[in-house]
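# Examination of the molecular architecture
So you can see what is in the structure, the chains are spelled out below.
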Amino acid sequence: MYTSLLHVLAGTVREKFLWISETAAVSAAAIAELVSGNERTLIAGKRVALFSRDPQVAAVLMILCDGAASEMLLLPSDLDAEGIHALCIMAGSEIVFADTEIALEGIQSFTLSIPVVVGRRPLSLSAVVSGLRTIETRWIIPTSGTTERPKLVVHTLASLTTATIVSSKYEGMIWGLLYDVVRFAGLQVFFQSFMNGGLLLMPDRTTNIAGQVAFLAKHTCSALSATPTQWRKILMTGESQLLALQQITLGGERADQNILNALSSQYPEANITHIYASTEAGVGFAIHDKREGFPVSYVQQPPRGVEISVDADGFLMLRKEIHAEQYLGESRTIHDASGWINTGDIVKEVNGRFLFLGRANGAINVGGSKVFPEEVESVILEMEEIALVRVGSKKSSIVGEVVEAFVVTKDNETDFPQLRKKIAAHCASRLPGYKVPAIITNTTDIDTTTAGKLTRR
Amino acid sequence: MGIREKVMSILQDILAEKKVLLREPIADDAILLNTGLDSLGFAVLVIRLESELGFDPFVEMKDPIYPRTLAEFISVYESHEPKQSE
């Protein structure tokens, strides 16, 4: 029988609460209450989609659905109604569970709130779980925002937790969640705390970073994972001095030497780990030596569970025994015939380390958010003053990379500083902030200015 | 124009582009992330300063520090300014 998250929960020694947010805390008893209700019967064998802006509700929903639903689509919490609808159609969802009313044609929808157990003896979770029938649920995870519709990656609990380590060294650890819990990085933090029976703190991600750090410090957070950009922001708050961290994790974008140094000087006692991962390949490997990139020796002596290779063009390739097999609705597998996954990331050897150069398809990683140059180029080309445009990435010591645009104007007499403001304003009206070019340069020849950059296919 | 004036002028441009209205001038002890500047705005500030001043102090820092206040930010630039040979 499939061992679901509920079984894991029933079998782990728990803190009083599983999760704490600024407004509520969830105990195992509340989950037992929920599981014994009729929701689980409702979703048995069905394709279910989950949507919640409250991470605690999202976490409860995942536990409720795993082992019951045939498929569970995890909808990112920043989606609007249109985005939710599009993904549900793509995934063929039959039921949507949400914390707010969602009306979708042809799809049953239910709202869920966390039950409050008062005034009587709470149900025992192990009693509720014993005799529970389970099936292996497929976890459907959308890839992050692209110009086209996102792809849906088919995972299992096993493929999502290949990097989850259960160990006595994590006993008593208090984890902090700064990511959307249903995205790949957030799931890693969720599973790591959940499988170790630890407490997970869920700050309100809509408040500013100083407030989130203050909340984490107040509840004595000891293990925290964030992108390098988020870490730089955290270090810019005075509240960061209140954190007593034992485990620091960086992921989602390239970790440079400066942020690793800054973290180890502020938190000299902490283990510092940077992770290489993608939604498709899952977690590739972790680096613990507080140095950027990864050692060339990983190719001969790979870290646990993963084979690593770099091809002649510098493409980083991974081979893992357990990983996501395919995209939903596509028959081709994510790996090639011999089991290798091309990550699409280009690396270069420098002094015994492989350093990350960027994405082969030209995608720009702005603080963990993906930007495709073509989308920005087409928006700039909407302006009648522009003849040619080329968008690329520029390295940033603060957010990893920013968008840079080179433009050729139709009329060279144009007052460029004025036009630059107009281009920026036009982009800002059509694109989210991270896609708006940070630098706009006037040029007469597109090809020479972009020479030496990564080839875009 | 000195470093302080350059920082202030570019900072005000960026805040204007972000349509942030300042009710009073930014004080030296103002927390940068409370001025209306998010980390992307901060990145843009650093990049534009690099093209004006010719250096980015956050690239090669011996002792990495991420400044909290405007005064700290300006002092990072002043202490990393390449020595003029003339």
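This write-up is about the structure you can find in this document. (Residues numbered from 1 in each chain as written. Chains lettered and ligands numbered in written order. Predicted model: local features only at pLDDT ≥ 70, side-chain atom pairs only at ≥ 80, totals over all residues. Heavy atoms only, no water.)

It is worth spelling out the interface of chain A and chain B at this point. Accessible area lost upon the coming together of the parts is a frequently used measure of interface size. Between chain A and chain B, the residue contacts involve 25 residues of the former and 21 residues of the latter. Together, the buried faces of chain A and chain B total about 2,000 Å²; carbon and sulfur atoms form 68% of this surface. The largest per-residue losses of area from chain A upon contact with chain B belong to Met236, Asn258 and Ile398 of chain A, which jointly make up 35% of the total buried on that side. At the boundary of chain A with chain B, the tally comes to 0 salt bridges. Here the side of chain A that touches chain B is built from residues that sort into 12 nonpolar, 9 polar and 4 charged. (Contact = heavy atoms within 4.5 Å. Buried area = accessible area lost by both parts, 1.4 Å probe. Salt bridge = Lys/Arg side-chain N within 4 Å of Asp/Glu carboxyl O. Nonpolar A, V, L, I, M, F, W, Y, C, P; charged D, E, K, R; others polar.)

Take the pairing of strand β13 (residues 271-278) of chain A next. All names here are of chain A. Summarising the sheet, strand β12 (residues 247-250) and β13 pair through 4 bridges and their orientation is parallel. Across the sheet, Gln247 pairs through a bridge with Asn271, a residue of β13. Between the parallel pair β12 and β13, the chain is carried across by helix α11 (residues 257-266), and the sense of this crossover is right-handed. The pairing of β13 with strand β14 (residues 282-287) spans 5 bridges and is classified as antiparallel. Note on β14: the bridge partner recorded for Ile275 is Ala286. Here β13 folds back onto β14, and the loop between the two strands holds 3 residues. (Pairing = 2+ DSSP bridges. Helix = DSSP H or I, 4+ residues; strand = E, 2+ residues; numbered from the N terminus. Right-handed = clockwise from strand over helix to strand, strands pointing away.)

Within this structure, the stated rule accounts for 20 aromatic pairs over all chains. A network of ring pairs unites the aromatic residues Tyr276, Phe285, Phe294, Tyr298, Phe354 and Phe356 of chain A as a single cluster. (Phe/Tyr/Trp six-rings, centres within 6.5 Å; stacked < 30°, edge-to-face > 60°.)

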